[in-house]
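Tertiary structure, described
What follows is the residue order along each chain.
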Amino acid sequence: MAETMMADRDCSIRTEPFINDGTRPMPPELRGSVLLLGNFDGLHLGHRALVAEAFRLAARSLRPMAVLQCDPHPRAYFRGEGGFLISCASVQRRLLTEAGIDLIYTPSFDAAFAAQSAESFITRHLVTELGVSAVVVGSDFRFGHHRLGDVALLERMGRSLGFATHVIGECRDAGMRISSSRVRTAVEMGDMAEAKRLLGRPFEAAILRGPTGWCFDPMQILPPDGTFRVEARGAAGGYPGQRILALKGRSLMASLPAGTLSLCWNTGPTGTLETTN
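Below is a summary of the structure that appears in this document. Residue positions within a chain follow its written sequence, with the count starting from 1. Residue-level local features of this predicted model are given only where pLDDT is at least 70; pairs of side-chain atoms are given and counted only at 80 or more, and the full residue set underlies all totals for whole chains, interfaces and linings. Water and hydrogen atoms play no part in the side-chain values, which are based on all heavy atoms of the structure.

1. Focus on the overall build of the protein chain
Counted only if it meets this: Secondary structure elements are defined from DSSP: runs of H or I of at least 4 residues count as helices, runs of E of at least 2 residues count as strands, and each element is numbered from the N terminus. For the radius of gyration, the atoms used are the C-alpha atoms, and the globule rule reads 2.2 Å times the number of residues raised to 0.38. Only protein chains enter the accessibility calculation, which uses a 1.4 Å probe; a residue is then buried when its area is under 20% of its type maximum, exposed when over 50%, and partly exposed in between. Whether two residues touch is decided by their heavy atoms; if any such pair falls within 4.5 Å, the residues are in contact. Here the Shrake-Rupley method, with its probe set to 1.4 Å, supplies the accessible areas, and only the displayed protein chains count as covering residues. The sign given to each residue is positive for Lys and Arg and negative for Asp and Glu; His and the chain ends receive no count. Charge positions are represented by NZ for Lys, CZ for Arg, CG for Asp and CD for Glu.
If you tally the helices and strands in the protein chain, you get 9 helices and 14 strands. Taking 277 residues into account, the globule formula puts the C-alpha radius of gyration at 19 Å, and the protein chain, at 20 Å, falls close to it. By principal-axis analysis of the C-alpha atoms, the protein chain measures approximately 65 × 40 × 40 Å. Counting over 277 residues, the protein chain shows a buried share of 47%. Within the protein chain, contacts between residues separated by at least 24 positions form 74% of all contacts whose residues are at least 6 apart in sequence. For the protein chain, the computed accessible surface area is about 13,500 Å², with 53% contributed by carbon and sulfur atoms. Positive and negative charge centroids in the protein chain, built from 30 and 28 side chains respectively, lie 1 Å apart.

2. Considerations on the pattern of salt bridges
Put simply, the test is: Any carboxyl oxygen of Asp or Glu that lies within 4 Å of a side-chain nitrogen of Lys or Arg is treated as forming a salt bridge with it.
What the rule picks out here adds up to 12 salt bridges. The partner of D173 in a salt bridge is R197, and the shortest N-O contact between them spans 2.5 Å. Placement of the pair is D173 in strand β7 (residues 172–173) and R197 in helix α9 (residues 192–199), with a sequence separation of 24 residues. Judged by relative accessible area, D173 falls into the buried class, the value being 17%. For E194, the salt bridge is made with R197, and the minimal N-O distance between the two is 2.7 Å.

3. Digging into helix α6 (residues 118–129)
Condition: The span you would expect from a helix comes to 1.5 Å times its residue count less one. Within this analysis, the arc is defined by the directions that extend from the helix axis to the C-beta atoms.
Its 12 residues place the ends of α6 15 Å apart at the C-alpha level, agreeing with the 16 Å of an ideal helix rising 1.5 Å per residue. Along α6, the residues classified as buried are A118, F121, I122, H125, L126 and E129. Taken end-on, α6 shows its buried residues confined to a sector of 145°, consistent with a single buried face. Structurally, α6 contributes buried residues whose contacts are with β2 (34–36), β3 (65–68), β4 (103–105), α5 (111–115), β5 (134–138) and α7 (151–161).

Following this line, the structure appears as structure tokens:
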């Protein structure tokens with residue numbers, strides 16, 4: 001829905017989102033944004049409901065649309081985990097660009113950030129750094145030290161500090177909430193059709209050309225071992241055609257076109273890998 005609304009909104013200020021980590025001044029034209037709060041990993045259909053509402057508000061008020069994306073992900077900071085992100089940096093950034101985001105606010109998630117109270121998060125980041133006009137959140141959004149901040153606090157402080165809070169209820173599918181956890185479970189089980197349905201697009205993993213061959217970002221979640229038909233995506237966004245990918249652990253074998261930036265899965269494994277002693 002957000003994509004179809006883009007034609008009605010003047011995004012001529014910039015063609016790609018401005019990225020600011022809070023260590024440099026915010027351009028005046030990007031203050032007063034409509035801010036999306038949440039992790040938005042993978043930008044699945046539940047996330048897109050929030051994006052659509054933020055887009056509507058931004059278009060109506062002629063405000064920029066922004067999203068907060070902490071770096072590193074809180075799960076990586078607190079648990080030291082890897083291999084769980086649905087969309088790593090390059091794919092996530094492209095998805096946000098396609099959704100019409102004008103500003104990606106990327107404060108460092110460090111000890112100081114984790115220790116700040118919910119009230120401090122609001123006054124420092126939402127008001128002082130961004131000067132938001134509105135925030136759009138899911139009904140279960142929690143934030144601040146020990147996750148003590150909630151939607152009620154946002155609404156209460158927003159009334160006194162001059163920003164509106166718009167709360168979007170759960171998006172459900174087959175009686176269950178659409179969530180990043182459901183997408184991750186589908187990917188880990190190799191059910192790429194289910195992942196595609198929940199994402200509203202094929203599951204896509206960024207890929208890099210390293211000194212020893214193609215490799216995935218260490219934070220990228222991957223399907224189980226097997227052979228897959230995938231599509232290679234380049235800088236221009238085109239799909240040069242299907243390729244066969246053999247995946248074992250985090251190692252892959254595939255003949256990919258030069259300039260490949262990501263791989264897209266439309267279906268599950270076509271077979272399992274044979275192992276040798």
